[in-house]
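An overview of the molecular structure
Spelled out from the first residue to the last, the chains are:
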Amino acid sequence: MPRKSIGDTPMTDAERQARCRAARAAGVPVVHTRQTIDHRSRAQRWRDAAAEVTVLQAQYWLEALPSSLQESATAEALQAICELELADLLAIEPRRGFGRD
C-alpha cells in the first residue's frame, strides 16, 4: 500500500526530490526496510502449519471452561475441534508439482 500523503494534496515529484535532497544535506540517515521473505518450500510450510494446528488442538482445555459456557456454542465448537483426527493431516505429503513428483 502506498504511504499516506503528508499534506492535503500529494507532493509533486520535484517537491519529493527537494525534500529528499534537503534531508540528505542535513545528514538524516536513510532507512530502508524490506519485508522478510519466507524461503521455505510449500511442503515445508504445509508441515509447519499442520504441526501448529496439532499443538493448538492440544492446548484447548474443555474442562477449564466456566460452567456458564459448558452448554454454549463455544463449548460445542471446541469439542468439535478436539475430536478432529489431525494425525491424518500430518501424514499428508503434498505434491511437489511441475513434474517433480
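Remember, it's a predicted structure, so these values are computed and weren't measured experimentally. (Residues numbered from 1 in each chain as written. Predicted model: local features only at pLDDT ≥ 70, side-chain atom pairs only at ≥ 80, totals over all residues. Heavy atoms only, no water.)

1. Notes on the overall build of the chain
Per the secondary structure count, the chain includes four helices and zero strands. Listing the helices and strands of the chain from first to last along the sequence gives α-α-α-α. In terms of overall size, the chain is more extended than a compact globule, its C-alpha atoms giving a radius of gyration of 26 Å where 101 residues would be expected to give roughly 13 Å. When its C-alpha atoms are laid out on the principal axes, the chain stretches across 65 × 50 × 25 Å. Sequence separation of at least 24 residues holds for 49% of the intrachain contacts in the chain that already meet a minimum separation of 6. Working note: accessible area of the chain is about 9,400 Å², and carbon and sulfur atoms make up 56% of it. Positive and negative side-chain charges in the chain, numbering 14 and 14 respectively, have mean positions lying 19 Å apart. (Helix = DSSP H or I, 4+ residues; strand = E, 2+ residues; numbered from the N terminus. Rg over C-alpha atoms; globule rule 2.2 N^0.38 Å. Contact = heavy atoms within 4.5 Å. Areas by Shrake-Rupley, 256 points an atom, 1.4 Å probe, with all protein chains shown as cover. Lys, Arg positive; Asp, Glu negative; His and termini not counted. Charge placed at Lys NZ, Arg CZ, Asp CG, Glu CD.)

2. Remarks on the side chain of Q57
Positionally, Q57 belongs in helix α2 (residues 42–59). When neighbours within four sequence positions are excluded, Q57 is seen to be in contact with I81, C82, E83, L84 and L86.

3. Brief notes about the environment of R40
One can find R40 in the loop between α1 (13–25) and α2. Residue classification places R40 among the partly exposed residues on the basis of a relative accessible area of 36%. For R40, the residues in contact, after removing those within four places along its chain, are R45 and D48. A polar contact of 2.4 Å, which involves the side chain of R40, links it to the side chain of D48. (Buried < 20%, exposed > 50% of the residue type's maximum accessible area, 1.4 Å probe, protein only. Polar contact = N/O pair within 3.5 Å; in protein donor to acceptor, adjacent residues only side chain to side chain.)

4. What to know about the pattern of salt bridges
Inspection of every chain in the model, using the stated rule, returns four salt bridges. We note a salt bridge from D48 to R40, for which the minimum N-O separation is 2.4 Å. Residue R47 pairs with E93 through a salt bridge whose shortest N-O separation is 2.9 Å. Of this pair, R47 sits in helix α2 while E93 is found in the segment after α4 (87–91), placing the two residues 46 residues apart along the sequence. R47 sits in the partly exposed class, given a relative accessible area of 33%. Taken together, the shared-partner salt bridges connect D38, R40 and D48 into one network. (Salt bridge = Lys/Arg side-chain N within 4 Å of Asp/Glu carboxyl O.)

5. What about the confidence of the model for the chain?
Of all residues in the chain, 94% attain a pLDDT of 70 or more, and the chain-wide mean is 83. Ranking the helices and strands of the chain by mean pLDDT puts α1 first, with 91, and α4 last, with 81. (pLDDT = per-residue confidence, 0-100.)

6. A few points about a nonpolar patch on the surface
On the surface, L56, Y60, I81 and L84 cluster together into a nonpolar patch covering about 320 Å² of accessible area. Mapping L56 onto the fold places it in helix α2. (Patch = residues over 30% accessible without salt bridge, like charges linked within 9 Å, V, L, I, M, F, W, Y side chains within 5 Å.)

7. Looking at the side chain of S72
Residue placement: S72 occurs in the loop between α2 and α3 (73–83). Judged by relative accessible area, which is 17%, S72 ranks as buried. Separated by 2.8 Å, the side chain of S72 and the backbone oxygen of L69 make a polar contact.

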